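# Descriptive analysis of the structure
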Amino acid sequence: QVQLVESGGGLVQAGGSLRLSCAVSGRTSSSAAMGWFRQAPGKEREFVGSIRSDDSTYYTDPVKGRFTISRDNAKNTVFLQMTSLKSQDTAVYYCATTGGPAGGYYYWGQGTQVTVSS
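Given the structure is predicted, the values throughout are model-derived calculations rather than measurements.

Here we come to the overall build of the chain. Each helix and strand counted, the chain has zero helices and 11 strands in total. Rg of the C-alpha trace for the chain: 13 Å, near the compact-globule value of 13 Å for 118 residues, within the 12% margin. Overall, the C-alpha framework of the chain stretches about 40 × 30 × 25 Å when taken along its three principal axes. Taken across its 118 residues, the chain has 43% of its residues classed as buried. Of the contacts formed within the chain by residues at least 6 apart in sequence, a portion of 53% connects residues at least 24 apart. In the structure as shown, the chain presents an accessible area of about 6100 Å², 47% of it carried by carbon and sulfur atoms.

Rendered as structure tokens:
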């Protein structure tokens, strides 16, 4: 059973930084794509970025240049380093990985709250 557990969220001032972690169990984190998503109050969940098994990364435009996804294979953990945070980055952040009969992001963590104060 694949399980994902996020941590590292909290309250930060605008312009500050946070690093989120996603601990993976039941699978090697590098064996499949890992994605980060976020959901702001009253909005739909949106894709933030991903890291593939070949370590290539992709980011959506709102976070490009500010967020970085990386992994520590020894710890089976994926990270989301967030810098130059803005109030619009306030959201619950989720990590996810692919799987399931139809592919796509199938396994999800419980989420961690990030609040950016202006």
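Back to the write-up after that little detour.
For the coordinates displayed, the defined rule picks out five salt bridges. When the shortest N-O distance is used, the salt bridge between arginine 38 and glutamate 46 registers 2.6 Å. Using a relative accessible area of 7% as the deciding quantity, one classes arginine 38 as buried. The partly exposed category is assigned to glutamate 46, whose relative accessible area is 36%. The salt bridge involving lysine 64 is made with aspartate 61; its shortest N-O contact spans 3.1 Å. Members of the salt-bridge network, linked through shared partners, are Arg38, Glu46, Arg66 and Asp89.

We now examine the pairing of strand β11 (residues 112–117). Only one face of β11 is buried, namely the one carrying Thr112, Val114 and Val116, since none of Gln113, Thr115 and Ser117 on the opposite face is buried. Relative to β11, strand β2 (residues 10–13) runs parallel, the two being bridged by four bridges. Each residue of the ladder has a partner; that of glutamine 13, found in β11, is serine 117. As paired elements, strand β9 (residues 91–98) and β11 share three bridges and run antiparallel to each other.

Now for the sheet that holds strand β7 (residues 67–72). On the basis of which strands lie adjacent, the open sheet formed by four strands has the order β1-β3-β8-β7 and antiparallel pairing. Each of the sheet's edge strands pairs with one partner strand only, and the pair in question is β1 (3–7) and β7. Each neighbouring strand pair of the sheet contributes to a mean axis angle of 20°, computed without reference to strand direction.

Let us now look at the side chain of serine 21. Inspection of the secondary structure assignment puts serine 21 in strand β3 (residues 18–25). Not counting the four nearest positions on each side in its chain, serine 21 is found in contact with Val5, Glu6, Ser7, Trp36, Thr77, Val78 and Phe79.

Our next topic: the nonpolar core. Counting 25 residues, the largest nonpolar core has Cys22, Trp36, Phe67, Leu80, Met82 and Tyr93 as the members making the most contacts within it. Top contributing element to this core by residue count: β3, with four residues.

Once that is clear, we can look at the state of the cysteines. All chains considered together, the criterion is met by one disulfide. Through a disulfide, cysteine 22 is tied to cysteine 95; the S-S separation comes to 2.0 Å. Disulfide cysteine 22 to cysteine 95: torsion about the S-S bond roughly 65°, handedness right-handed. With a gap of 73 residues between them, cysteine 22 in strand β3 and cysteine 95 in strand β9 connect regions that are remote in the sequence. For cysteine 22, a relative accessible area of 0% puts it in the buried group. What makes cysteine 95 buried here is its relative accessible area of 1%.

Conventions adopted
- Residues numbered from 1 in each chain as written.
- Predicted model: local features only at pLDDT ≥ 70, side-chain atom pairs only at ≥ 80, totals over all residues.
- Heavy atoms only, no water.
- Helix = DSSP H or I, 4+ residues; strand = E, 2+ residues; numbered from the N terminus.
- Rg over C-alpha atoms; globule rule 2.2 N^0.38 Å.
- Buried < 20%, exposed > 50% of the residue type's maximum accessible area, 1.4 Å probe, protein only.
- Contact = heavy atoms within 4.5 Å.
- Areas by Shrake-Rupley, 256 points an atom, 1.4 Å probe, with all protein chains shown as cover.
- Salt bridge = Lys/Arg side-chain N within 4 Å of Asp/Glu carboxyl O.
- Pairing = 2+ DSSP bridges.
- Axes fitted to C-alpha atoms, helices over the stretch in contact; angles between N-to-C directions.
- Core = buried A, V, L, I, M, F, W, Y, C linked by side-chain atoms within 4.5 Å.
- Disulfide = S-S within 2.5 Å.

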